[in-house]
Amino acid sequence: MKPYIISTDCMADLPADFIEAHHLSVHPLYYQIGDQTYNALEGTLSEADFYAKMRNGEMPTTMASNPEYIEQSFSQNIAEGYDILHISFSSALSSSYNNTAVTAKAMMEQHPDTKIIVIDSLSASLGQGLLIYYACKKKEEGASIEELAEYIESIKLNICHQFTVDDLFHLHRGGRVSKATAIIGTIANIKPVLHVDNEGRLINISKIRGRKRSLITLVDNMEKVIEGYENPIVFISHGDCLEDALFVKQQIEERFGIHEFLINYVGSTIGAHSGPGTVALFFMGRER
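Residues numbered from 1 in each chain as written. Predicted model: local features only at pLDDT ≥ 70, side-chain atom pairs only at ≥ 80, totals over all residues. Heavy atoms only, no water.

## Comments concerning the sheet that holds strand 10 (residues 202–209)
Pairing within the open sheet is mixed, and its six strands lie in the order 10-9-8-13-11-12. The sheet terminates laterally at strand 10 and strand 12 (261–265), the two strands that pair on one side only. Ignoring which end each strand starts from, the neighbouring axes of this sheet average 20° apart. Both strand 11 (residues 234–238) and strand 12 contribute to a ladder of five bridges, which runs parallel. Along strand 12, the bridge assignment pairs V234 with F261. The sheet strands contacting helix 10 (residues 242–256) are strand 11, strand 12 and strand 13 (279–284), and the helix crosses strand 12 at an angle near 165°. (Pairing = 2+ DSSP bridges. Helix = DSSP H or I, 4+ residues; strand = E, 2+ residues; numbered from the N terminus. Axes fitted to C-alpha atoms, helices over the stretch in contact; angles between N-to-C directions. Contact = heavy atoms within 4.5 Å.)

## Considering the side chain of S73
Assignment of secondary structure puts S73 in helix 3 (residues 67–79). There is a polar contact of 3.2 Å between the side chain of S73 and the side chain of S25. The residues touching S73, leaving out its near neighbours within four places in the chain, are S25 and H27. (Polar contact = N/O pair within 3.5 Å; in protein donor to acceptor, adjacent residues only side chain to side chain.)

## A short note on the sheet that holds strand 7 (residues 116–120)
Here we have four strands laid out as an open sheet, ordered 2-1-6-7, and parallel in their pairing. Each edge of the open sheet carries a strand with a single partner, namely strand 2 (25–27) and strand 7. Strand after strand, the sheet turns through a mean of 20° between neighbouring axes, direction not considered. In this sheet, strand 7 lies alongside strand 6 (residues 83–88) in parallel orientation, the contact comprising five bridges. Across the sheet, residue L85 finds its bridge partner in strand 7, namely I117. With respect to the sheet, helix 3 is in contact with strand 1 (4–9), strand 2, strand 6 and strand 7, its orientation differing from that of strand 2 by roughly 165°.

## Here's the deal with unusual backbone geometry
Notably, D13 is not glycine yet its phi reads approximately 60°, a positive angle. Along the chain, D13 turns up in the loop between strand 1 and helix 1 (16–21).

## Concerning helix 4 (residues 96–110)
Between the first and last C-alpha of helix 4 there are 21 Å, a value that for 15 residues agrees with the 21 Å anticipated at 1.5 Å per step. Turning to helix 4, the residues buried within the fold contact strand 1, strand 2, helix 3, strand 6 and strand 7. (Expected span 1.5 Å × (residues − 1).)

## Here's the deal with the pattern of salt bridges
The final tally for this structure, using the stated rule, is 13 salt bridges. Here D166 ties to K191 by a salt bridge, and the two come within 3.0 Å at their closest N and O atoms. In this pair, D166 is assigned in the loop between strand 8 (159–164) and helix 7 (168–173) and K191 in strand 9 (residues 190–196), connecting sequence segments 25 residues apart. Its relative accessible area of 35% is what places D166 among the partly exposed residues. (Salt bridge = Lys/Arg side-chain N within 4 Å of Asp/Glu carboxyl O. Buried < 20%, exposed > 50% of the residue type's maximum accessible area, 1.4 Å probe, protein only.)

## Here's the deal with the packing of aromatic side chains
With the rule as written, the count across this model stands at seven aromatic pairs. A centroid spacing of 5.3 Å and a plane angle of 20° characterise the contact between Y31 and Y38, whose relative ring orientation is stacked. Each member of the pair, Y31 as well as Y38, is classed as buried. Arranged with centres 5.8 Å apart and planes meeting at 70°, the rings of Y133 and F235 form a pair that is edge-to-face. Of the two residues, Y133 sits in helix 5 (residues 126–140) while F235 sits in strand 11, which places them 102 residues apart along the sequence. Given the relative accessible area of 0%, F235 is considered buried. Taken together, the ring pairs connect Y31, Y38, F50, Y51 and Y265 into an aromatic cluster. Here the guanidinium or amino end of K138 rests over the ring plane of Y151, the centre of that ring lying 4.9 Å away. One cation-aromatic arrangement involves K139 over Y4; the distance from NZ or CZ to the ring centre is 4.9 Å. (Phe/Tyr/Trp six-rings, centres within 6.5 Å; stacked < 30°, edge-to-face > 60°. Lys NZ or Arg CZ within 6 Å of the ring centre and 35° of its normal.)

In structure tokens, the structure reads:
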């Protein structure tokens, strides 16, 4: 059986040590602040500095995935002798999946002995990362590329996303709420709780008054859907608010007895739209 590599894009928000340990291939994306353009994978601008700039009023703009960089990454994988299984950021939130699928089809025509499977994760941030975590486990158990693709498709809608933001104006910039809602909600200290639905879209599911209550609601919502599902690990991402992420972790430990977590920043590509103060919780459950 020809060896294969698991590939993804940087919007999975996985830490560098996880990427290295599991021999993942990761496609870069780029963003711009002021007149500077940054590769989100290179870490030229740290996450802390990125969010500091946003707090100081510098608003980043993101760039769609570039087929040229996708082709370069796939070409390197092929030259190293691998077939490729690529797990992409949600097609409902970015052109990344479509660009990757089109590039993969063209490259398989050029390399008929290579198999490239592109999967739409319908996930975001460490939700995509959690799907990759389970994919890595299955691969390590000896699954073929076809078996792994089938497995990923079978579990991806059980990857639950719950998140809240601290500043409604970032959701307004992204077209998620109206300006009036952002103004009134800010005055009333409203913190929306959102999730990613079965189509991979961001959906506002409740409006909670107060930051602490919104964080507890993330865990309340988790409790509603985890029965019957093992969660050996839970992923949490945050927009430069580690203390709040650790509060959510503590709630989960006390209520569910789960003690293994992966906590990381919401990366710059997604953080540009969600803003500082975002806390996102990812786990396996009955339904999204």
